[in-house]
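The primary structure of each chain is shown beneath.
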Amino acid sequence: MSERKVRVRFAPSPTGALHIGGVRTALYNYLFARQHGGDLIFRIEDTDSNRFVPGAEEYILESFKWLGIKFDEGVSFGGNYGPYRQSERREIYKKYVQVLLDNGSAYIAFDTPEELNAKREEIKNFQYDASTRMQMRNSLTLDQEEVKQLIADGKQYVVRFKIEPNIDVHVNDIIRGDVVINSSILDDKVLFKSADELPTYHLANIVDDHLMEVSHVIRGEEWLPSAPLHVLLYRAFGWEDSMPRFAHLPLLLKPEGNGKLSKRDGDRLGFPVFPLEWHDPKTGEVSSGYRESGYLPEAVINFLALLGWNPGTEQEILSMDELVKLFNLEHCSKSGARFDYEKAKWFNHEYILSKDNEEIADMFMPIVKEHGVEASREMVVKVIGMMKDRVSFIKDLWDTCKFFFVAPTEYDEKTRKKRWKEDSAKCMAELADLLEGLEDFSLEHQEEVVMKWIEEKGYGTGNIMNAFRLALVGEGKGPHMFDISSVLGKEETLSRMRRAIAVLK
RNA sequence: GGCCUCUUCGUCUAUCGGUUAGGACGCAAGAUUUUCAUUCUUGAAAGGGGGGUUCGAUUCCCCCAGAGGCUACCA
């Protein structure tokens with residue numbers, strides 16, 4: 001369409017933790033910007049002073065840093081279109097509100113919240129619009145002198161958008177095509193409040209997108225109903241020619257039941273809905289985060305990218321670079337996507353598999369230490385090499401691998417019954433003696449010597465290995481026995497065997 | 001209530017009028033294995049309903065139903 005530079009924005013309001021749906025919106029904006037060599041802007045929409053939550057802005061920034069979503073300009077990133085925090089743009093909005101007032105697209109209204117509530121109770125489905133505004137207290141019904149006097153007296157007022165009735169407003173959405181809404185169903189939206197001298201979302205949004213030369217507005221579907229209002233605002237300002245293109249994304253739905261994904265679902269179903277752990281400063285409530293739950297950022301990105309978009313091929317594991325190459329708005333689906341936690345886990349598993357052992361060791365070493373174990377990095381790397389395909393999360397590595405670091409203190413009863421035979425103690429004693437005599441405790445050498453011994457004695461591989469396993473692990477699980485014993489080393493292996501022989505008899 | 005959007009396996013999705021409706025997660029079975037897990041193979045599993053248009057509809061149109069969203073001096 002237009003030849004102009006791609007400029008998109010992610011513009012959260014700092015009212016709390018960043019919802020995972022918001023993360024996806026930001027991701028799509030990022031991918032779109034990167035792919036087109038455009039800019040991604042980070043704007044803070046804090047026009048509702050009542051809902052401001054301290055720490056939210058920092059939280060959002062940290063989330064994106066963790067996820068690898070980078071901004072080109074905006075709050076904390078700089079740029080030539082600032083300030084990027086709406087609360088710092090008061091004077092700009094005032095100027096543009098005046099433009100609308102002057103050209104007759106807006107008017108001043110003095111109705112108090114109480115009066116409006118009374119109206120709503122009096123008339124069912126009351127709407128402040130062309131059909132009712134002449135019954136209200138505003139600059140259209142009051143005479144000019146009175147309006148001036150009320151303002152001079154410090155009376156609080158709002159500026160409302162004067163919507164002409166019965167106009168079919170077309171929104172050409174990249175994902176949904178032509179959406180038409182008749183202006184009569186729209187109300188005269190409040191654009192500006194004198195109380196805090198701040199605009200509402202709609203006005204600030206349009207002014208900022210225009211001034212910041214935003215080319216595409218990629219946002220959640222919850223904004224679709226107000227898109228016609230936005231079109232009308234661009235029109236009222238005379239900016240329709242440079243109006244951004246819209247793309248309304250499908251919503252993220254609850255894994256089960258009805259409605260869109262909410263914070264509560266996470267708590268209820270036991271999975272995070274926030275990228276990072278969030279401590280609500282008002283309620284003191286703590287909500288879990290993907291990062292703290294052991295997710296790799298690459299996995300979160302990959303999983304989220306595929307919730308509402310697909311590359312058109314059967315490839316599902318996609319790096320950020322691949323996503324940048326392949327992403328397009330045309331392949332976005334229109335229907336809401338139910339959040340599938342099992343699939344998210346699978347992605348994480350895949351990314352753990354694809355990471356090299358050294359990198360996982362970096363993440364796992366602190367966990368080992370937390371459990372009071374001093375293990376060499378070399379050993380940890382070896383353990384990870386043989387165990388990482390068994391877990392979905394780094395933190396699960398401890399439970400599945402702890403026997404490498406801590407000798408069993410008790411033996412699983414079921415396994416003992418099934419695997420520890422009459423002659424097991426005798427065989428293990430023999431095996432211990434055999435192993436003790438080995439100079440070379442390498443995996444290969446142990447295997448060679450022991451398998452030969454088993455064959456000569458006619459003990460049966462299964463019998464020996466299962467008892468051996470119970471002695472070293474305490475349960476009937478884990479990788480191959482010589483993998484375990486060689487990592488454990490001769491001393492530890494023998495000590496575990498001798499204890500098992502004494503305890504299990 | 002009004003308005004807008006959406007509707008393919010349980011879930012995420014492919015299909016842009018003609019396919020045995022494909023893939024992935026999950027699930028089940030089998031194989032391999034010194035245990036467990038991994039891995040591999042196989043399987044079950046879908047076009048909301050009703051009308052059209054068409055030689056032919058999952059695909060286009062209409063109606064209904066269902067789902068989701070919006071309906072604030074919140075974003």
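Bear in mind the structure is a predicted one, so any value in this text is a computation, not a measurement. (Residues numbered from 1 in each chain as written. Chains lettered and ligands numbered in written order. Predicted model: local features only at pLDDT ≥ 70, side-chain atom pairs only at ≥ 80, totals over all residues.)

Draft legend 1. The arrangement of the overall build of chain A in detail. Regarding its fold elements, chain A presents 20 helices and 15 strands. For chain A, the spread of C-alpha atoms along the three principal axes comes to 110 × 45 × 40 Å. Going through the 505 residues of chain A one by one, you find that 36% of them count as buried. Here the contacts in chain A between residues at least 6 apart in sequence split such that 74% fall between residues at least 24 apart. (Helix = DSSP H or I, 4+ residues; strand = E, 2+ residues; numbered from the N terminus. Buried ≥ 20, exposed ≤ 12 C-beta atoms within 10 Å, placed from the backbone. Contact = placed C-beta atoms within 7 Å.)

Draft legend 2. Examining the domain arrangement of chain A more closely. Per the domain assignment, the segments of chain A are domain 1 (89-249), domain 2 (263-351), domain 3 (355-405) and domain 4 (413-504). Looking at side-chain class alone, the side of domain 1 that touches domain 2 contains four nonpolar, no polar and one charged residues. (Domains from an automatic or database assignment. Nonpolar A, V, L, I, M, F, W, Y, C, P; charged D, E, K, R; others polar.)

Draft legend 3. Main features of the pairing of strand 7 (residues 177-182). Pairing between strand 6 (residues 168-173) and strand 7: six bridges, direction antiparallel. Residue pairing in the sheet places His-170 in a bridge with Val-180 of strand 7. What sits between strand 6 and strand 7 in their antiparallel hairpin is a turn of three residues. (Pairing = 2+ DSSP bridges.)

Draft legend 4. Fine view of the nonpolar core. Judged by nonpolar contacts, the single largest core of 121 residues is most densely connected at Leu-27 and Met-428. Of the residues forming this core, the biggest block, nine residues, is contributed by helix 1 (residues 20-35). Setting aside chain neighbours within four positions, we find Met-428 in contact with Ala-467, Phe-468, Ala-471, Met-497, Ala-500 and Ile-501. (Core = buried A, V, L, I, M, F, W, Y, C linked by C-beta atoms within 7 Å.)

Draft legend 5. Highlighting the sheet that holds strand 5 (residues 158-161). Across the sheet, four strands lie side by side as 4-5-8-9; this open sheet has antiparallel pairing. Whereas interior strands pair on both sides, the edge strands pair on one side only; in this sheet they are strand 4 (106-109) and strand 9 (198-199). The pairing of strand 8 (residues 190-193) with strand 9 spans two bridges and is antiparallel. Looking at strand 9, one finds that Lys-193 is bridged to Leu-198.

Draft legend 6. Representation of unusual backbone geometry in the model. The peptide bond linking Gly-82 to Pro-83 adopts the cis configuration, its omega dihedral lying at -5 degrees. Relative to the assigned elements, Pro-83 resides in the loop between strand 3 (73-74) and helix 3 (90-102). For Ser-76, which is not glycine, the phi torsion reads 75 degrees and is therefore positive. The topology assignment puts Ser-76 in the loop between strand 3 and helix 3. On the basis of neighbour counts, which here come to 13 C-beta atoms within 10 Å, the residue Ser-76 falls in the partly exposed class. Positive phi outside glycine occurs at Glu-213, with the angle close to 55 degrees.

Draft legend 7. Seen up close, helix 1. Relative to the 22 Å expected for 16 residues at 1.5 Å per residue, helix 1 spans 22 Å between its end C-alpha atoms, a close match to the ideal helical length. Of all 16 residues in helix 1, 14 are buried; the element is thus mostly enclosed. A positive backbone phi angle near 60 degrees is found at Gly-37, which sits one or two residues after helix 1. (Expected span 1.5 Å × (residues − 1).)

Draft legend 8. Just the protein's contact with RNA strand B, in detail. As a matter of local geometry, RNA strand B sits amid 61 residues, with Glu-45, Tyr-201, Asn-258, Ser-335 and Met-465 nearest to it. Elements supplying a minimum of two residues to the surface near RNA strand B: helix 4 (113-122), strand 7, strand 8, strand 15 (337-338), helix 11 (341-354), helix 18 (461-473) and helix 19 (481-488). Sorting elements by how many residues they give to the surface near RNA strand B places helix 18 first, with five residues. When grouped by side-chain class, the residues that make up the surface near RNA strand B number 21 nonpolar, 20 polar and 20 charged. (Near = placed C-beta within 6 Å.)

Draft legend 9. Molecular detail of helix 19. Listed as buried for helix 19 are Met-481, Phe-482, Ile-484, Ser-485 and Leu-488. All buried residues of helix 19 lie within an arc of 155 degrees about the axis, which places them on one face of the element. Tucked inside the fold, the buried residues of helix 19 contact helix 17 (443-457), helix 18 and helix 20 (490-504). (Arc of directions from axis to C-beta.)

Draft legend 10. Inspection of the packing of helix 18 against helix 20 at higher detail. The contact between helix 18 and helix 20 brings their axes to 8 Å, and the two run at 105 degrees. Considering the angle they form, helix 18 stands roughly perpendicular to helix 20. Only Thr-493, Arg-496, Met-497 and Ala-500 of helix 20 make contact with helix 18, whose side of the interface consists of Leu-470, Ala-471 and Leu-472. A breakdown of the residues in the contact of helix 18 with helix 20 according to their chemical character gives five nonpolar, one polar and one charged. (Axes fitted to C-alpha atoms, helices over the stretch in contact; angles between N-to-C directions. Parallel < 35°, antiparallel > 145°, perpendicular 65-115°, else oblique.)

Draft legend 11. Representation of the confidence of the model for chain A within the structure. This prediction gives chain A a mean pLDDT of 93; 99% of its residues lie at or above 70. Confidence metrics for the complex model read pTM 0.93 and ipTM 0.95. (pLDDT = per-residue confidence, 0-100.)

Draft legend 12. Inspection of the environment of Pro-255 at higher detail. Position of Pro-255 relative to the elements: it lies in the loop between strand 12 (252-253) and helix 8 (263-269). Pro-255 sits 200 residues away from Glu-455 along the chain, and the two C-alpha atoms are 55 Å apart.

Draft legend 13. Examining the environment of Gly-308 more closely. Tracing the backbone through its elements, the reader meets Gly-308 in the loop between helix 9 (297-305) and helix 10 (320-326). Residues Gly-308 and Ile-69 lie 239 residues apart in sequence; the distance between their C-alpha atoms is 18 Å. Setting aside chain neighbours within four positions, we find Gly-308 in contact with Arg-24, Leu-249, Pro-250, Cys-332, Ser-333 and Ala-337.

Draft legend 14. Looking closely at the sheet that holds strand 3. Across the sheet, which stays open at both edges, the three strands sit in the order 1-2-3 with parallel pairing between neighbours. Single-partner strands in this sheet number two, and they are strand 1 (7-10) and strand 3. Here strand 2 (residues 39-42) runs beside strand 3; their pairing, made up of two bridges, is parallel. Following the sheet pairing, Phe-42 is matched in strand 3 by Gly-74.

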